[in-house]
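So the chains spell out like this:
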Amino acid sequence: MLELIKVKYDQDIKNQLEKRFIAFDVETTGLNPKEERIIELGAVLFENGQAVQKFNTLVNAEFISNLTHITNEMLENQPREEKAYEMFQEFMKVALEGKVIVCAHNAKFDMSFLKETFDRLQLTGKICYVDTLQLSRKYIHGPYNYKQGTIAHYLHIKNENAHRAYDDAYVCGQILNHIVKGSF
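Keep in mind that what you see is a predicted model, and the values were worked out from it rather than measured.

A. A look at the overall build of the chain. In terms of regular secondary structure, the chain is built from eight helices and six strands. With the C-alpha coordinates of the chain rotated into their principal frame, the extents come out at 45 × 35 × 30 Å. Within the chain, the fraction of its 184 residues that count as buried is 49%. Long-range contacts, defined as pairs at least 24 residues apart, comprise 66% of the intrachain contacts of the chain with a sequence gap of at least 6. Accessible surface for the chain amounts to roughly 9700 Å². Of this, 48% is attributable to carbon and sulfur atoms. Within the chain, one finds 22 positive and 25 negative side-chain charges whose respective centroids are separated by 7 Å.

B. Focus on the packing of helix H6 (residues 132-139) against helix H8 (residues 165-182). In contact at an axis separation of 10 Å, H6 and H8 are set at 35° when each is read in the N-to-C sense. Crossing handedness for the pair H6 and H8: left-handed. Residue-level contacts link Thr132, Leu135, Ser136 and Tyr139 of H6 to Cys172, Ile175, Leu176 and Ile179 of H8. In the contact of H6 with H8, the residues fall into six nonpolar, two polar and no charged.

C. The pattern of salt bridges, seen in detail. Summed over the entire model, instances satisfying the criterion amount to nine salt bridges. Linking glutamate 18 and lysine 14 is a salt bridge whose minimum nitrogen-to-oxygen distance equals 3.2 Å. Here lysine 14 and glutamate 18 lie together in helix H1 (residues 11-19), a separation of four residues that amounts to about one turn. The class of glutamate 18 is partly exposed, set by a relative accessible area of 35%. Here lysine 14 falls in the buried class, since its relative accessible area comes to 9%. Its salt-bridge partner being glutamate 47, residue arginine 20 comes within 3.1 Å of it at the nearest N-O pair.

D. How the structure looks around the sheet that holds strand E2 (residues 20-28). A sheet is described by the order of its strands in space; here six strands give the open sequence E1-E6-E5-E2-E3-E4, paired in mixed fashion. Every other strand in the sheet has two partners, leaving strand E1 (2-6) and strand E4 (50-58) as the edge strands with one partner each. The sheet shows a mean angle of 30° between the axes of neighbouring strands, direction not considered. On the sheet, H1 packs against E2, strand E3 (38-47) and strand E6 (125-131) and is oriented at approximately 80° with respect to E2.

Procedures and definitions
Residues numbered from 1 in each chain as written. Predicted model: local features only at pLDDT ≥ 70, side-chain atom pairs only at ≥ 80, totals over all residues. Heavy atoms only, no water. Helix = DSSP H or I, 4+ residues; strand = E, 2+ residues; numbered from the N terminus. Buried < 20%, exposed > 50% of the residue type's maximum accessible area, 1.4 Å probe, protein only. Contact = heavy atoms within 4.5 Å. Areas by Shrake-Rupley, 256 points an atom, 1.4 Å probe, with all protein chains shown as cover. Lys, Arg positive; Asp, Glu negative; His and termini not counted. Charge placed at Lys NZ, Arg CZ, Asp CG, Glu CD. Axes fitted to C-alpha atoms, helices over the stretch in contact; angles between N-to-C directions. Left-handed = near helix turned anticlockwise from the far one by under 90°. Nonpolar A, V, L, I, M, F, W, Y, C, P; charged D, E, K, R; others polar. Salt bridge = Lys/Arg side-chain N within 4 Å of Asp/Glu carboxyl O. Pairing = 2+ DSSP bridges.

If you want it as structure tokens, here you go:
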């Protein structure tokens, strides 16, 4: 079972995020975590505001192409779920022990898919996380909406490959860096 803990953004959490966090994103076959699958996992370790390590893998699952532009053909030679999550667990080891905070934009979506997959594969862990969507609404004033792409554009963060897990995770991390630098 995966235990998910949404942490309250306060001065202590801000101090932790200034030092280290992992930005995370998934691409999926649809919107329902009970019926759909993750087809791409992306994560970026940030230390002192800099991206220092990345994880990205496609996950071999059958589906109909959607807005990610990831096709079944692209997934044919990619790791199956069990192998993909074994690699993901290795990258996320300290985060899965609750020792490093994870961020995601609209985290409820990403975390629900991750929890469903971990539970289905009988994997365990504990993730403490913050949601950059909610933090953006509180600390970034001016954009016409709070979609990740809109916030990135507003903050002059380029995303050459939107709707791909690694690129979206990296942008999410940059958004969190902006929030951490400007809050409190």
